[in-house]
Amino acid sequence: MTDDVSPTQSFSLDGDDLPFASGETILQAATRAGRYIPHLCWHPDFAAHGSCRICSVKVNGRVGAACTVQAAAGLEVESNTPEMNRQRKTLLQMLFVEGNHFCPSCEKSGNCLLQATAYQMGMEGPHFEEFYPNRPVDASHPDILLDFNRCILCELCVRASREADGKNIFAIGGHGMGTHLLVNSASGQLGDTAMSLDDRAAHICPVGVILPKRRGFVIPIGQRRFDLKPVSQQREGDAT
Ligand code: SF4
Ligand code: FES
């Protein structure tokens, strides 16, 4: 993102004129202007991935991902509409049933982007039948635990480990319903990698997969990140 924002270059977001800088995506320009577009797999420090589709908006009447579509002068973008929010709610419900997102027993509750986005979209129930996956946890690392049953395949840990840590600890493997997070070691265990609690990848997960050991439930209820302000009123990257 650049600060070189020309007021002569603007597009319309839900009827309001929004200036943008050359090369910015719709989501980058909206975020800089303090306008919330729901998203899960985008983080300002990493290249866009475009997989969760929660940021879908209508651009001149056609649906596109706000995190990958470049801003351009004169575009008419619709985001906060009943239709787009209904679609986002359905995508969130699908994510909730595909994994084991049992928030009352998850220590990421209150600090979880998936949960906070579901609250924001007014998601009241899972709607679809639960899958109840049974992927074993990986507790092989002395300081970090992995609970694969909560993974939303956003690839933020993959990007952080590759681009920020230079370690390539994680990958996404399989396809279709079998797509899953992998650990890049001969044994497939995190304990056999060079992962460290200081790594960016150890703190980037927006949900409750990558967790530090011996530090659960440290923030009292009422003081957790999304207890304080809804996700729509937070600056991107505040927690990660
Ligand atoms: S472990 Fe977390 S950061 Fe990595 S892909 Fe899964 S949800 Fe995303
Ligand atoms: S944030 Fe755009 S597709 Fe996930």
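Thresholds applied
- Residues numbered from 1 in each chain as written.
- Chains lettered and ligands numbered in written order.
- Predicted model: local features only at pLDDT ≥ 70, side-chain atom pairs only at ≥ 80, totals over all residues.
- Heavy atoms only, no water.
- UniProt positions renumbered as here; feature names shortened; annotations may be inferred.
- Domains from an automatic or database assignment.
- Contact = heavy atoms within 4.5 Å.
- Buried area = accessible area lost by both parts, 1.4 Å probe.
- Helix = DSSP H or I, 4+ residues; strand = E, 2+ residues; numbered from the N terminus.
- Polar contact = N/O pair within 3.5 Å; in protein donor to acceptor, adjacent residues only side chain to side chain.
- Near = heavy atom within 4 Å.
- Nonpolar A, V, L, I, M, F, W, Y, C, P; charged D, E, K, R; others polar.
- Salt bridge = Lys/Arg side-chain N within 4 Å of Asp/Glu carboxyl O.
- Buried < 20%, exposed > 50% of the residue type's maximum accessible area, 1.4 Å probe, protein only.
- 1 Å grid on protein atoms, 1.4 Å probe; cavity = no way out; pocket = protein on both sides within 12 Å on 5 of 7 lines; lining within 4 Å.
- Points joined across faces, edges and corners; volume = space filled by probe spheres on them.

Looking up the chain in an unreviewed UniProt entry gives the name Hydrogen dehydrogenase, with the organism given as Albidiferax ferrireducens. Word for word, the UniProt comment on the chain under Cofactor (unreviewed entry) is "[4Fe-4S] cluster". As stated in UniProt under Sequence similarities (unreviewed entry), the record for the chain gives "Belongs to the complex I 75 kDa subunit family."

(A) Main features of the domain arrangement of the chain. Its domain assignment divides the chain into domain 1 (5-80) and domain 2 (97-230). Contacts between the two partners involve 13 residues from domain 1 and, on the opposite side, 17 residues from domain 2. Buried surface at the junction of domain 1 and domain 2, summed over both partners, amounts to about 1200 Å²; 65% is from carbon and sulfur atoms. Contact with domain 2 buries area across many residues of domain 1, yet L40, F46 and H49 alone supply 53% of it, more than any other trio.

(B) Looking closely at the environment of R53. As for its position among the elements, R53 is in the loop between α1 (26-32) and β3 (56-59). Taking the C-alpha atoms as reference points, R53 and P38, separated by 15 residues in sequence, lie 9.4 Å from one another. If near-sequence neighbours (up to four positions away) are discounted, R53 is found in contact with A65 and L91. In this structure the side chain of R53 is engaged in a polar contact, spanning 2.9 Å, whose partner is the backbone oxygen of G50.

(C) Examining the site of ligand 1 more closely. The local shell around ligand 1 consists of C151, I152, L153, C154, E155, C157, L181, C205, P206, V207, V209 and I210. Classifying every residue of the shell around ligand 1 by side-chain character gives 11 nonpolar, no polar and 1 charged.

(D) Summary view of the pattern of salt bridges. Counting across every chain of the model gives 10 salt bridges. Notably, a salt bridge pairs R214 with D143, separated by 3.0 Å at the nearest N-O pair. Taken together, the positions of R214 in the loop between β9 (210-212) and α5 (225-228) and D143 in the loop between α3 (113-120) and β6 (144-146) put the pair 71 residues apart, joining distant regions of the chain. Classification of R214 by relative accessible area gives exposed; the value is 69%. Close ionic contact of K167 with D199 constitutes a salt bridge, the shortest N to O distance being 3.0 Å. Of this pair, K167 sits in the loop between α4 (156-164) and β7 (170-173) while D199 is found in the loop between β8 (180-183) and β9, placing the two residues 32 residues apart along the sequence.

(E) Representation of the layout of surface pockets in the model. The computed volume of the second largest pocket comes to approximately 530 Å³. M94, L95, E98, I152 and L153 are, among the 23 residues lining the second largest pocket, the residues nearest its centre. In terms of residues, the lining of the second largest pocket owes the most to one element, helix α2 (residues 82-98), which gives 5 residues. Considering only residue class, the lining of the second largest pocket consists of 16 nonpolar, 4 polar and 3 charged. When residues are assigned to domains, the lining of the second largest pocket turns out to be shared by domain 1 (5-80) and domain 2 (97-230), each giving three or more.

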